[in-house]
Amino acid sequence: MTYIAKPKFHHPGLKKNELGYTHRDYEGKISTLCAGCGHDSITASIIEACYELSIEPHRVAKISGIGCSSKTPDYFLGNSHGFNSVHGRMPSVLTGANLANRDLIYLGVSGDGDSASIGFGQFAHSIRRGVNMTYIVENNGVYGLTKGQFSATADRGSKSKKGVTNTDNAIDLVAIALQLGATFVARSFSGDKAQLVPLIAAAIRHKGASFIDVISPCIAFNNHAGSTKSFDYVREHNDAVNRLDVLVGRDPISVDYAPGSVQVVEQHDGSKIALRKLDADYDPHDRLGAMTFLQKHSAKGQIVTGLLYVDPDAEDLHEHLNTVETPLNRLEADDLCPGSAVLDKINASLR
Amino acid sequence: MSDKKPISSVNDFVVRFANVNGSGSASANELFARAILRHGVPVSPRNIFPSNIQGLPTWYEVRVTEAGHLGARGGVDMMVAMNPQTWDKDIAGIEQGGYLFYDSTKPMPSTKFRDDITVIGVPLTAITNSTYTDPRQRQLFKNIIYLGALCALLDMDPKVIEQLIGEQYKGKEKLLSSNVHALHLGRDWALQNLKCPIGLRVKKADKVGDRIFIEGNSAAALGAVYGGATVCAWYPITPSSSVAEAFTSHCKKYRHDPATGKARYAIVQGEDELASIGIVIGASWNGARAFTATSGPGISLMTEFIGLSYFAEIPAVIMNIQRAGPSTGMPTRTQQCDIIACAYASHGDTKHVLLFPEDPAEAFEFAAAAFDLAERLQTTIFLMLDLDIGMNHRLCRPLKWDDARQYDRGKVMTTEMLDEGRDFGRYLDVDGDGIPYRTYPGTHPTKGSYFTRGTSRDRYARYSEEGTVYADNMQRLVRKFETAQDLVPRPLQANAERPTKYGVIYFGSTAPAMDEAIGLLEARGHQLDRLRIRAFPFHSSVASFLAEHDFVYVVEQNRDSQLRQLIVNENGIDPVRLVPIVHYDGSPITARFIAKAIGDHQDHLKVTPLRKAVS
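Residues numbered from 1 in each chain as written. Chains lettered and ligands numbered in written order. Predicted model: local features only at pLDDT ≥ 70, side-chain atom pairs only at ≥ 80, totals over all residues. Heavy atoms only, no water.

### Comments concerning the pattern of salt bridges
Residues and elements named next belong to chain B.
- Across all of its chains, the model carries 52 salt bridges over all chains by this definition.
- Between arginine 592 and glutamate 95 there is a salt bridge, with the nearest N and O atoms lying 3.4 Å from each other. Pair noted here: arginine 592 is in helix α19 (residues 591-607) and glutamate 95 is in strand β6 (residues 94-103), with a separation of 497 residues, a long-range link.
- According to the relative accessible area criterion, glutamate 95 is partly exposed, its value standing at 25%. (Salt bridge = Lys/Arg side-chain N within 4 Å of Asp/Glu carboxyl O. Helix = DSSP H or I, 4+ residues; strand = E, 2+ residues; numbered from the N terminus. Buried < 20%, exposed > 50% of the residue type's maximum accessible area, 1.4 Å probe, protein only.)

### Some details on the packing of aromatic side chains
- A full pass over the atoms with the stated rule returns 25 aromatic pairs over all chains.
- Each ring, one from B:Phe536 and one from B:Phe538, has its centre 5.0 Å from the other, and the planes form 65 degrees; the classification is edge-to-face.
- In this structure B:Phe538 comes out as buried when scored by relative accessible area, which is 7%.
- Here the aromatic cluster, defined as three or more aromatic residues joined through ring pairs, consists of A:Phe120, A:Phe123, A:Tyr135 and A:Phe211.
- The ring of A:Phe76 has A:Lys62 lying over it, and the distance from NZ or CZ to the ring centre is 5.6 Å.
- Of note, B:Arg457 hangs over the ring of B:Phe311, and the distance from its end group to the ring centre comes to 4.2 Å. (Phe/Tyr/Trp six-rings, centres within 6.5 Å; stacked < 30°, edge-to-face > 60°. Lys NZ or Arg CZ within 6 Å of the ring centre and 35° of its normal.)

### Observations concerning the sheet that holds strand β11 (residues 261-266) of chain A
Residues and elements named next belong to chain A.
- Taking strand neighbours across the sheet as the criterion, the 3 strands line up as β10-β12-β11 in an open arrangement whose pairing is antiparallel. With partners counted over all chains shown, the strands left at the sheet margins are β10 (242-247) and β11, one partner each. Put simply, the sheet's adjacent strands are angled 25 degrees from each other on average, direction ignored.
- In the sheet, β11 pairs with strand β12 (residues 272-277) via 6 bridges, with the strands oriented antiparallel. If you follow valine 262 over to β12, its bridge partner there is arginine 276. (Pairing = 2+ DSSP bridges. Axes fitted to C-alpha atoms, helices over the stretch in contact; angles between N-to-C directions.)

### Some remarks on empty space enclosed by the protein
Residues and elements named next belong to chain B.
- Going through the model one piece at a time under the given rule, you end up with 4 cavities of 30 Å³ or more.
- There is about 70 Å³ of room inside the largest cavity.
- Lining the largest cavity are Tyr310, Lys351, Val353, Leu377, Thr379, Leu477, Lys480, Phe481 and Ala484.
- Ranked by residue count, the leading element in the lining of the largest cavity is helix α15 (residues 467-485), at 4 residues.
- Classifying every residue of the lining of the largest cavity gives 6 nonpolar, 1 polar and 2 charged. (1 Å grid on protein atoms, 1.4 Å probe; cavity = no way out; pocket = protein on both sides within 12 Å on 5 of 7 lines; lining within 4 Å. Points joined across faces, edges and corners; volume = space filled by probe spheres on them. Nonpolar A, V, L, I, M, F, W, Y, C, P; charged D, E, K, R; others polar.)

### Quick word on the side chain of B:Arg476
- With respect to the helices, strands and loops of the structure, B:Arg476 is situated in helix α15.
- Once residues lying within four places of it in the same chain are set aside, the contact partners of B:Arg476 are B:Glu313, B:Tyr427, B:Asp429, B:Gly434 and B:Pro436. (Contact = heavy atoms within 4.5 Å.)

### Some thoughts on the environment of A:Phe120
All names here are of chain A.
- You can see phenylalanine 120 is positioned in helix α5 (residues 120-129).
- Spatially, the C-alpha atoms of phenylalanine 120 and isoleucine 273 are 29 Å apart, while their sequence positions differ by 153 residues.
- Dropping the residues within four chain positions of it, phenylalanine 120 is found in contact with Asp114, Ser115, Ile171, Leu173 and Ile176.

### Some details on the nonpolar core
All names here are of chain B.
- Core analysis: the biggest nonpolar cluster contains 152 residues, and Phe247, Phe291, Met319, Leu355 and Ile505 have the highest contact counts within it.
- The element contributing the most residues to this core is helix α12 (residues 360-377), with 11 residues.
- In contact with methionine 319, not counting residues within four places along its chain, are Ala220, Ala224, Val243, Phe291, Thr292, Ala293, Thr294, Ala367 and Leu383.
- Core analysis: the second largest hydrophobic core is formed by 55 residues, Phe32, Val43, Leu147 and Val208 among them. (Core = buried A, V, L, I, M, F, W, Y, C linked by side-chain atoms within 4.5 Å.)

### With respect to the sheet that holds strand β15 (residues 380-386) of chain B
All names here are of chain B.
- Strand order in the open sheet formed by 7 strands is β11-β10-β12-β13-β15-β14-β21, with mixed pairing between adjacent strands. In this open sheet, the two edge strands, each paired with only one partner strand, are β11 (266-269) and β21 (535-536).
- Across 4 bridges, strand β10 (residues 231-234) lies against β11 in parallel orientation. When the sheet's bridge partners are listed, cysteine 232 is paired in β11 with isoleucine 267.
- In the packing of helix α9 (residues 273-285) onto the sheet, contacts are made with β10, β11, β12 (290-294) and β13 (316-322), and the angle to β12 comes to roughly 160 degrees.

### Concerning the pairing of strand β1 (residues 60-64) of chain A
Residues and elements named next belong to chain A.
- Extensive coverage of β1 is indicated by the burial of 5 of its 5 residues.
- Neither face of β1 is left uncovered, since the one carrying Val60, Lys62 and Ser64 and the one carrying Ala61 and Ile63 both have all their residues buried.
- Note: β1 against strand β3 (residues 105-111), 5 bridges, orientation parallel. Bridging across to β3, lysine 62 finds its partner in leucine 107.
- Sheet topology places β1 next to strand β2 (residues 81-84); 4 bridges connect them, and they run parallel. The residue of β2 that forms the bridge with serine 64 is asparagine 84.

These figures capture arrangement, not role.
Structural data, given as structure tokens:
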């Protein structure tokens, strides 16, 4: 969160997407996070994903809670409306915003303190309601803004910067999201842009509750030996089950990783996810299998990344509520008010 | 029998039913009230019930009042004592010369009665047992049988009740006929075995007019429908749950797209109050009209978000159906005890708009107006009801709506306005009224976007911790609150017949009891000018009223005289000139109570020269 304006000049030859926007059109203000913070890499991935999808920046609503991660919406999509709500309560604000206008894209950005502690309930309930959103947790296992306390996603036995050992069990938000019925569940690493960008793109295209847990090392307070959320630890223990491309009726997005077996998942809106399977046995349509797979790898200290579960035919909250296609915020008195004649009848029935 | 004469009164008495929660008596008791209303005689019924599903005592009181006094009166002229658990207390509550109606199937010792009341025994259990074999039927029809007996005792027209039963069970012939049969069982037994009618009688009159009979919560919910609310997020809590339930019911009837059958509304039962207000704020931020309904403990949970609504200037409507606090307090008893909590909800310097409807008709009007105010002022608006209005049927004027009325969406900068080159600063006071323009998300590709936050920012919504910038913003919020004074419903003043230096201020559900108390006070020789406050911030006429009177009584239903505190705080007045008249046992305030409290104080003022207040 900053008031230092980013210079507006840019190279005239910048590549443009289908709508004629350049990368710069998806950027925000200058980040005030620590140099090397994983969150800035996630910001860059969001920018990249939105650019690649040719999203109109102003049609995105970016909503967050409080904390380092929740500051990041200021750093991308500068022409979008942002909302820095209160600690842990991003999901309810996003749910309300989504109810008011189903036509926008909703990006919820949260942190592990935000979502796994004070906002654990709101995280859970927004997922179970199937709010059409992309819910990204920038997970560093530590409270950065208050300088180094463990968060609820810190692994048991991991160490703080001061050498204190965490004795509490960790909350695995991905496991919880699967349990709660999220229809798009992924985990990634802020340092693996090749995996993260298409995951974000696919989540945005997904109609329903999309959840991405992004391990995002805190350079200041959780990037040391003994931490299981450090750059080194995650790189060493990252076990990716797949990588993907997102196809939205245009040229396929270029990829730079080795091809494996490919599985194409067609989503509700016609977009396609091309899954390059790295684990030949992994089935992203099997919710129970995903949960078991996660638990087994977690016990071995491995961090499973990739698209872990997707239901391409998901429904969202608006479908559950059977709301009209016109955004509710566009309805006026003529659409909403039953009028005096009806009121006269109501009065007559109350005598 | 005593030497006291039995009470004799036509169309002016109080009947109280003492029942056991879960016994199915509620519908029979309500039928009794409606039947009197259909006789053209006003009634003012009240539920008095425990925080419990089954087994504990419950009462239903019907004030029959041809004069149209809609406040609680106090005292009971006839007790229908159907609950052995509360027998002694129920008997003790009967006025001298009053009547006791009870189930005489089992003989009771004479010590269980009073000798200054008329005892009327009807063997209800024996009658039901000889007629019905099914246990549930026995329980339910016993209620209708006592209604039939009361019909004879009070000289009511059975056809009126039959008609009501017919309306209730339209299309369900079996239920209709069996209920009518039970009604006549009781009536016939009473006519054959008792002296009918007694001193209390219902005589047909024409005193109801076109008034309607509705609960405040239902009226408020209807106000939300007419006011254009499209998003409702709520969490169940007594006594507010029926607001959301009624809103749901009204929306199902009136809010579907005729072409597609799809809903023009979204209702979410939140996981808690925090989520409910969060959803309201998110929806309002995005341009929908949204509200939640709750009670005191819910307000406590919502306060952080309420502060955000105030500071980030996001519309929100909260319907607070007050109950006795603090903490869990008495969840099913009425009070007006959240005034301070709502007026200054959240940390830091905050002030919120409160609306105080006096009855369901105003609850409807103010609920609809709350959405205009929320969008006009871009802040939280509290509709302050209480259990007494919210959960009781109240006779009130018909609800009215002007079809020409359009919603006031407040200062919203559109794409066209932005394209014209209008300077958009989210917190820029363009018009000097403290109210800035806002844009809805998604309005314009390159203009009008801003970042909403609870942290300090400048007029262009840019984060700033500069002291002067923060103070500038806070001062503008004060200006906005001053603007609100002229937008909210004004107080209503009624002067005494003769000039007086005494006044009384009251608000909300206290109004009908206060209106009646004025008559009682006049009969004692006390003249008072009245001011019914209908909103906070206070209109300038409140200060004028205070200035024009030496002493002003402030009548309210809480311990600490919270409205008085607010008046003192906001007007800088010497507190001694404001005399608190408080009632806070959880029952609705009565005219008798007000008249006695004010009358006694007035008498004291007359006999003892009161030294002018020293501050």
